[in-house]
Amino acid sequence: MKKTLAAAVWRVRPDPASTGPIRYVQCKECDERSVVVPAQSVGDLWAMTHSGSTGHTQYREFAASDLVTERDRRKRS
Ligand SMILES: [Zn+2]
């Protein structure tokens, strides 16, 4: 109960100083991965190049966004 009340005074939002999500693509067949960059096209190009050199065709894209917490100053009734 204490944890619930303590969390209620905070809220989470995107980090305004962040430039947006970062991404990478990982091959599901050998675990090699692309560089970490914001542009999806870089991961797509890496996957196509990786397929051309290995024959692997299964990938997973990971994307992460920066978040910040701040005190929620809204009045509660
Ligand atoms: Zn692979």
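Before going into details, it helps to say that this report is about the structure given with it. (Residues numbered from 1 in each chain as written. Predicted model: local features only at pLDDT ≥ 70, side-chain atom pairs only at ≥ 80, totals over all residues. Heavy atoms only, no water.)

The next subject is the coordination of the zinc ion. All of the protein donors around the zinc ion are C27 (SG), C30 (SG), H50 (NE2) and H56 (ND1); their distances to the metal are 2.0 to 2.4 Å. Of note is the zinc ion, whose 4 donor atoms meet at the metal with angles of 105 to 114° in an arrangement that counts as tetrahedral. Coordination of the zinc ion draws on donor residues from a single chain, spaced C-x2-C-x19-H-x5-H in sequence. With C27 in strand β2 (residues 22-27) and H56 in the loop between α2 (40-54) and β3 (59-64), the pair connects residues that are 29 residues apart, well separated along the chain. Each member of the pair C27 and H56 is classed as buried. (Donors = N, O, S within 2.8 Å, 3.2 Å for Na, K, Ca; no water. Tetrahedral: all angles 85-135°; square planar, octahedral: opposite > 155°, others 65-115°. Helix = DSSP H or I, 4+ residues; strand = E, 2+ residues; numbered from the N terminus. Buried < 20%, exposed > 50% of the residue type's maximum accessible area, 1.4 Å probe, protein only.)

Compared with the 21 Å implied by 1.5 Å per residue over 15 residues, the 21 Å span of α2 between its first and last C-alpha is a close match. Looking one or two residues past α2, G55 carries a phi angle of roughly 85°, positive in sign. (Expected span 1.5 Å × (residues − 1).)

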